[in-house]
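An overview of the molecular structure
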Amino acid sequence: MQVIKKSIEGLLEIIPTVYKDERGSFFENYNRQLFEANGLPTHFVQDNQSFSKKGVVRGLHFQRAPHAQGKLVRVIVGRVLDIAVDIRPDSPTFGQYEAVELDGERNNMFYIPEGFAHGFAALEDSIFSYKCTNLYHKVSEGGILWNDAELNIDWQVSDPIVSEKDVLLPSFKALFEQMHP
């Protein structure tokens, strides 16, 4: 397993060792001992899976403390552009984002710790899976408008399909003015 530190502190891309032969392939998407050895969390309490058609954009979502979630995300089938936005006000990279293409053929994963808003765009029909370090807590959920001009994220989709709920989320600036006037 290879762990690649991304440009924003705390974000990690994980490339598992994949064993292939004429029958197909095999890899470990979670191994507590390897995760511990690489400084990754090992306590996951909830697994989620979604299917998204090509062009779907989901996000940008987060949960507020004390219910904040770290997420280990991957694509089982398809390809997505995964986005993590730093929403830690004391961070030197506050308001910056990292994009990682997750691919069901590569089996790469992305670890996003607490303190980030998360979203993704389906570049193909995709099955998306994620392990969470905390349980979903509806009252603690928050979000940022997916196409916020200040964040200027290139989602790499030409005609995005976005939920009614996500279209109504506040901008990054409006959200943090509300939280820290």
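Quick look at the structure, then. Here the structure is a predicted model, which means the values were calculated and not measured.

Take the environment of Tyr136 next. For Tyr136, the location among the structural elements is in the loop between strand 12 (126-132) and strand 13 (141-143). As for Tyr136 and Val45, which are separated by 91 residues in sequence, their C-alpha atoms are 9.7 Å apart. The contact partners of Tyr136, leaving out residues within four places of it in the chain, are Gln46, Gln63, Gln69 and Glu141. One polar contact links Tyr136 to Glu141, side chain to side chain, over a distance of 3.0 Å.

Turning next to the sheet that holds strand 12. The six strands lie next to each other as 1-2-10-7-12-5, forming an open sheet whose pairing is antiparallel. Among the strands making up the open sheet, the edge pair consists of strand 1 (2-5) and strand 5 (46-52). Within this sheet the neighbouring strands show an average axis-to-axis angle of 25°, counted without direction. Relative to strand 12, strand 5 is paired through seven bridges, and the arrangement is antiparallel. Pairing of Asp47 across the sheet is with Lys131, part of strand 12.

What follows deals with the pattern of salt bridges. Scanning the model with the defined rule gives ten salt bridges in all. The partner of Glu36 in a salt bridge is Arg32, and the shortest N-O contact between them spans 3.5 Å. Of this pair, Glu36 and Arg32 both sit in helix 1 (residues 32-37), separated by four residues, roughly a single helical turn. Arg32 gets classed as exposed once you look at its relative accessible area, which sits at 53%. If you follow the salt bridges from partner to partner, you end up with Lys6, Glu13 and Arg106 in one network.

Time to look at the sheet that holds strand 8 (residues 79-86). Pairing within the open sheet is antiparallel, and its five strands lie in the order 9-8-11-6-13. Since the sheet does not close on itself, it has two edges, and those belong to strand 9 (97-103) and strand 13, each with one partner. In this sheet, adjacent strand axes meet at a mean angle of 25° when their direction is disregarded. For strand 6 (residues 57-63) and strand 13, the ladder comprises three bridges, and the chain directions are antiparallel. Looking across to strand 13, one finds that His61 is bridged to Gly143.

What follows deals with the pairing of strand 11 (residues 116-122). Counting buried positions along strand 11 gives seven out of seven residues, so the element sits mostly inside the fold. Alternating positions in strand 11 separate into two faces, Phe116, His118, Phe120 and Ala122 on one and Ala117, Gly119 and Ala121 on the other, with burial throughout. Bridge count for strand 6 against strand 11 is three bridges, and the pairing is antiparallel. Bridge assignment links His61 to a residue of strand 11, and that residue is His118. In this sheet, strand 11 lies alongside strand 8 in antiparallel orientation, the contact comprising seven bridges. Considered in strand 11, the bridge of Asp82 is made with Phe120.

Rules and cut-offs
- Residues numbered from 1 in each chain as written.
- Predicted model: local features only at pLDDT ≥ 70, side-chain atom pairs only at ≥ 80, totals over all residues.
- Heavy atoms only, no water.
- Helix = DSSP H or I, 4+ residues; strand = E, 2+ residues; numbered from the N terminus.
- Contact = heavy atoms within 4.5 Å.
- Polar contact = N/O pair within 3.5 Å; in protein donor to acceptor, adjacent residues only side chain to side chain.
- Pairing = 2+ DSSP bridges.
- Axes fitted to C-alpha atoms, helices over the stretch in contact; angles between N-to-C directions.
- Salt bridge = Lys/Arg side-chain N within 4 Å of Asp/Glu carboxyl O.
- Buried < 20%, exposed > 50% of the residue type's maximum accessible area, 1.4 Å probe, protein only.

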